[in-house]
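# Architecture at a glance
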Amino acid sequence: MLYREAGQFKTSYAKDWAIFPIAQDRIVVLGFLAIAFIAIPVLSSEYFLATILMPFLVMSMAAIGLNLLTGYAGQLSLGTGGFMATGAFAAYKLSTMFPGMPIEAVFLLSGVVAAFVGILFGIPSLRIKGFYLAVATLAAQFFLLWLFNKVGWFTNYSTSGVISAPPRTILFTDIYVTGPEASVTAKYLFALTLVAILALAAKNLVRSSIGRRWMAIRDMDIAAEIIGIKPLQTKLSAFAISSFYCGVAGAMWAFLYTGSVEPLAFDINRSFQVLFMIIIGGLGSILGSFLGAGFIIALPILLTNAPHLLGLNIPVDVISHVEYMIFGALIIFFLIVEPHGLARLWQILKEKLRLWPFPH
Amino acid sequence: MTFNMKISAAAIALAVGVSGTLLAEQAKAQDAGQYVPGTVYRSGPYAPGGIPWANGYADYFKLLNERDGGIGGVPIIYEECDTAYSNDKGVECYEKMKNQGPTGASVFQPLSTGITYALIDRVKADEIPMITSGLGRADASDGTVFPWVFTLPVTYWAGADAIVQYIDQQEEGSLDGKTIALVYHDSAYGKEPINTLEYLAEKHGFKLELFPVAHPGLEQKATWLKIGRQIRPDWTIMWGWGVMNSTAIKEAAAVGYPMDRFIGNWWAGSEVDVKAAGGVSKGYLSAQFHGAGEDFKVLDDVKKHLVEKDLNAGPDEEVGDILYNRGLISAVFTAEGIAKAQEKYGQKPLTGEQIRWGIENINLDEARLEELGLTGLLDPVKLSCADHEGGGSVIIQQWDGENWKPVSDWISPARDEYLRDMYEKSAADYAAEKGIEPRDCSKES
């Protein structure tokens, strides 16, 4: 009843090509953006912004990156942590080598650096597939972290190997978004803007010819090659663009979320975390990247805080262990009831809504 | 709608509903008192070391509440949050606890060098002092650049210097031509002593060999084959934590490396480490900044007021263990900062800014240590506006198979000679990178 496109006629190609062809979808998306940009900064506490929404945004970005590569182009990768570290360290080097560089440029260029590194480590994908490729991308994970640990140049010869974000302002203003002076709200809005723009770009990418080439390669690479899709360009472009997103996510992690970072923050567990996000959220879905990030980031924090907020006095170690148990059980539960991820669940819900209240 | 669909829809609805109500409910009103947050780790890969520390830290505040009714009549509200030694969880705990209690968090002690780094900017913005006792950034000892961070009683750099001083004593003043190996946890923590040791290698003419060990440190076969069979260093220093320590001791024994030439730093020298390695660890040395055992007056009080009433946080036999004592010492620093601040600002719950003044004016001399029942457990420490380390000392202890026994006097690190200059230079680099204007300590009261 509420969700039905009856009466919405597509009278031009532009309307047919729209990202959200159904008016209700557009309203919902704009509503969400309004909440995220206006209501949340005004209403929510600093704690909520800094410890739930910031990591959610950062990891959503990384999940979009990996989803482009694994969900759309079908190239399994375990190098996400390495590419995120590349972005983080590139951002640090760029901003300390060129103190005058605008922070926006720092973020985008660090993504570009990560993209080049991604291309380099994507080369094996031309020869190997599936799990073997995942193992090959592990090389990126371990080599890159080793490099940042080993070579002092990347950390400006800091004794501990930790980098921390220098204070920088948004272009043409004096609003700090990194460093100790930056307010949480400013950081949040900056991160949100980055994620919103790049998610929109990703959504359009996968609807364009390049996204269709990725999906063709994913579904059957030999058939794709026969109809004229070049595997070299297609696979490497997937690695490049995916790594760009991961690199920006790494820079966001170091500069906007924790403010300082050591290579250990991007260890193999981070790569697995992002992989689990897209599996639980939904492979081959931009929305799924957000849902998966929300599930993996926010749920443990809520579980940790739940006993305290409910007024139960449980020792912290018990809470930590219970958190792992409940979280693990939920992962299994969702994988059983919906192996295609939370995004698929949403899709099914939409189908049901169209028929509601008269299901047949 | 299929059955599965219904279940999952219900699960999602429940999750969303519960989280909504949880988030809506803000922190409940707290009783009047001084709120002390405990960022501890009782879970995760480093929990075996984190738990005794957390128990010692918690017990001291409980002891103050039980024995003295708090500090200056103000009860301590102590609350824990589990960081699992993970930086992002540590940040989450910090953000959650910083505004709790009537006056906000008093002092943070993250017990993780990684979390320390993540919090340095935040404590500055939120004006909450952070104490990193025997961990964290060594150059934070320069209070002009790091007003909110305290490193008392010793830093890693000072610890490395003291260890080399001990080795120098054993070698009768000549390290020329000797080889010293450093086996370290390949993280921010483990890398801290390297530049000090490099400096000393040049000064004394010994050769320094570096052996990074990847987290968590279970795989050290290659490292120890090289140390034991190929290089055979005269001394080996270890900067390890958690399971890495006992693994290293076992591997060292396996290649026949002499234990009495193997010195761990204070995070690589607790009962947890040597007992896990078994009998082979007899003779192993470690550098500490506090005493071991339970023959101290403050621990008698812990037994009388907590253990006998069954109020202590952990198992009874843990009282007196190295890490328990360290947690207790760390709590003493927090409590002493609060007590000192009360002298100036009055006996009421104080803010982080007021407590920072208190910590900066800590003067734990012999008389005060005696009063607190800490004689023998800790060497005197005195802080100032510029000196956030306070001149603590290091003692070398040896594991005799049953207990830790001191084998040296209190060693005073060579701060005046070069360490202080290194702190200041490193802090100045940091200040330049971050655009910090160092404060003028001559204008502080």
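Refer to the structure printed above.
Let me begin by describing the structure that accompanies this report. (Residues numbered from 1 in each chain as written. Chains lettered and ligands numbered in written order. Predicted model: local features only at pLDDT ≥ 70, side-chain atom pairs only at ≥ 80, totals over all residues. Heavy atoms only, no water.)

### A closer look at the state of the cysteines
Residues and elements named next belong to chain B. For the structure shown, the criterion picks out 2 disulfides over all chains. Bridging Cys 81 to Cys 93, the disulfide has an S-S length of 1.9 Å. Here the S-S torsion is close to -70 degrees, and the disulfide linking Cys 81 with Cys 93 is therefore left-handed. Placement of Cys 81 in strand β2 (residues 76–82) and of Cys 93 in helix α3 (residues 87–97) is noted, with a sequence separation of 12 residues between them. The exposure class assigned to Cys 81 is buried, which follows from its relative accessible area of 2%. Cys 385 shares a disulfide with Cys 441; S-S distance 1.9 Å. (Disulfide = S-S within 2.5 Å. Helix = DSSP H or I, 4+ residues; strand = E, 2+ residues; numbered from the N terminus. Buried < 20%, exposed > 50% of the residue type's maximum accessible area, 1.4 Å probe, protein only.)

### Brief notes about helix α2 (residues 47–68) of chain B
Its 22 residues place the ends of α2 of chain B 31 Å apart at the C-alpha level, agreeing with the 32 Å of an ideal helix rising 1.5 Å per residue. Positive phi shows up at Gly 69 of chain B, right after α2 of chain B, with a value of about 70 degrees. (Expected span 1.5 Å × (residues − 1).)

### With respect to a nonpolar patch on the surface
Residues and elements named next belong to chain A. A cluster of nonpolar side chains, namely Leu 2, Leu 287, Leu 291, Trp 346, Leu 349, Leu 353 and Trp 356, defines an oily patch on the protein surface of about 630 Å² accessible area. Contributing elements (two or more residues each) for the nonpolar patch: α12 (286–309) and α14 (342–355). For the nonpolar patch, the element with the most residues is α14, which contributes 3 residues. For Leu 353, the position within the fold is in helix α14. For Leu 353, a relative accessible area of 32% translates into the label partly exposed. (Patch = residues over 30% accessible without salt bridge, like charges linked within 9 Å, V, L, I, M, F, W, Y side chains within 5 Å. Areas by Shrake-Rupley, 256 points an atom, 1.4 Å probe, with all protein chains shown as cover. Salt bridge = Lys/Arg side-chain N within 4 Å of Asp/Glu carboxyl O.)

### Digging into helix α11 (residues 297–307) of chain B
Residue and element names in this part refer to chain B. Among the residues making up α11, those that are buried are Val 298, Leu 299, Asp 301, Val 302, His 305, Leu 306 and Val 307. Projected onto a plane normal to the axis of α11, the buried residues spread over an arc of 165 degrees and lie on a single side. Buried residues along α11 sit in contact with α2, α12 (322–345) and α14 (366–372). (Arc of directions from axis to C-beta. Contact = heavy atoms within 4.5 Å.)

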